[in-house]
Amino acid sequence: MKRKKIRKILASPAVTLSAFVLAAGLLLFSSIGGARAALTYYSETYASSVELSEIGIQLVENGTVTAGELLLPEVEEEIRLGKIYKEELAVRNSGDINQFVRAAIYKYWLVPEEGNVSGDSAEGEESGSWVKSQELGPDLIDLHLTEGKGWMVDEASSTPERTIIYYNKVLKSGEDGNGETTPLFADTLTIAGRTAQIVRQETVDGIVKTTYAYDGARFCIEVRVDAVQEHNAEAAIWSAWGRKVTVNDGTLTLN
């Protein structure tokens, strides 16, 4: 049986402004063609009780600042199962104050609602609605995270679908939005070859019909980046993210 291509949705980085911040977001699913499909918009206003400053964060993809959504430049229109694609991600400080950053990475699959008995509804890029697949797990989507480069996985806050990571150094600001950039927190993307082993079988008039669970499915990745100011960072992180941390000489550790 000829395998159909896996359709895909990639989300933009969502910049959530924290510590004395009021931020609101709306996740939109829409077709933009190719690897583009999901957009996330957040307010970029940072209002301090003492002064007006700006927390600015940019997601850097394969050396280029993203302009609204992940482009996956290395990925063909038709995904090859098991193939390793270059997908290097980092965070840049584009604001005018030093800050600590974290990233939340979400991975899941969407399938057409028809014929799927459960899942969370989501707007599709075409007519009809979509739901999260109950057959295809997030572990089949391997956005490989780098190790030993200052990024720490918050195991206590992570789930199979969501991974929370913190950068343990202050990300310093620069002139004209050209602040420091973190080391890579991800470097490759692979859709596991074993995805093809998840099949459905039904017998009609004595004939066994086999279909792949990923037929018509979309794999989805969202990367959301948050930041808080360096000043009084322990209290700011607890207030904004509900996480106890220790900051000592510009280095953050998870308690």
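Residue placement: Ala235 occurs in helix H1 (residues 233-241). Look at Ala235 and you get partly exposed, because its relative accessible area is 37%. In the structure, Ala235 is positioned 11 residues away from Thr246 in sequence and 9.7 Å away in space, judged by C-alpha atoms.

A separate point is H1. Looking only at H1, the buried set comprises Ala233, Ala236, Ile237 and Trp241. In a view along the axis of H1, the buried residues occupy a sector of 95 degrees, so they form one face of it. Taken together, the buried residues of H1 touch strand S8 (99-112), strand S13 (162-167), strand S17 (218-229), strand S18 (245-248) and strand S19 (251-254). Of the residues one or two after H1, Gly242 is the one with positive phi, at around 65 degrees.

Reading across the sheet, the five strands line up as S6-S5-S7-S14-S11 and stay open at both edges, with antiparallel pairing between neighbours. Whereas interior strands pair on both sides, the edge strands pair on one side only; in this sheet they are strand S6 (64-65) and strand S11 (141-145). Bridging between S11 and strand S14 (residues 186-191) involves five bridges; their strand directions are antiparallel. If you follow Leu145 over to S14, its bridge partner there is Ala186.

The next point concerns the pairing of S19. The sheet contact formed by S18 and S19 spans four bridges and is antiparallel. Across the sheet, Asn248 pairs through a bridge with Thr251, a residue of S19.

Attention shifts here to the environment of Glu61. With respect to the element layout, Glu61 can be found in strand S5 (residues 57-61). Considering only alpha carbons, one finds Glu61 and Leu71, 10 residues apart in sequence, at a separation of 8.1 Å.

A residue-level look at the protein finds 73% of positions with pLDDT of 70 or above and a mean pLDDT of 77. In the model of the protein, strand S3 (residues 25-33) stands out as the element of lowest mean pLDDT, 26, in contrast to S13, which has the highest, 97. In the predicted structure, residues 10-52 sits below a pLDDT of 50 and forms 119 contacts with residues beyond four places in sequence or in another chain. Residue range residues 116-127 is modelled with pLDDT below 50. Its contacts to residues more than four positions away, or to other chains, number 33 contacts.

About the cut-offs
- Residues numbered from 1 in each chain as written.
- Predicted model: local features only at pLDDT ≥ 70, side-chain atom pairs only at ≥ 80, totals over all residues.
- Heavy atoms only, no water.
- Helix = DSSP H or I, 4+ residues; strand = E, 2+ residues; numbered from the N terminus.
- Buried < 20%, exposed > 50% of the residue type's maximum accessible area, 1.4 Å probe, protein only.
- Arc of directions from axis to C-beta.
- Contact = heavy atoms within 4.5 Å.
- Pairing = 2+ DSSP bridges.
- pLDDT = per-residue confidence, 0-100.

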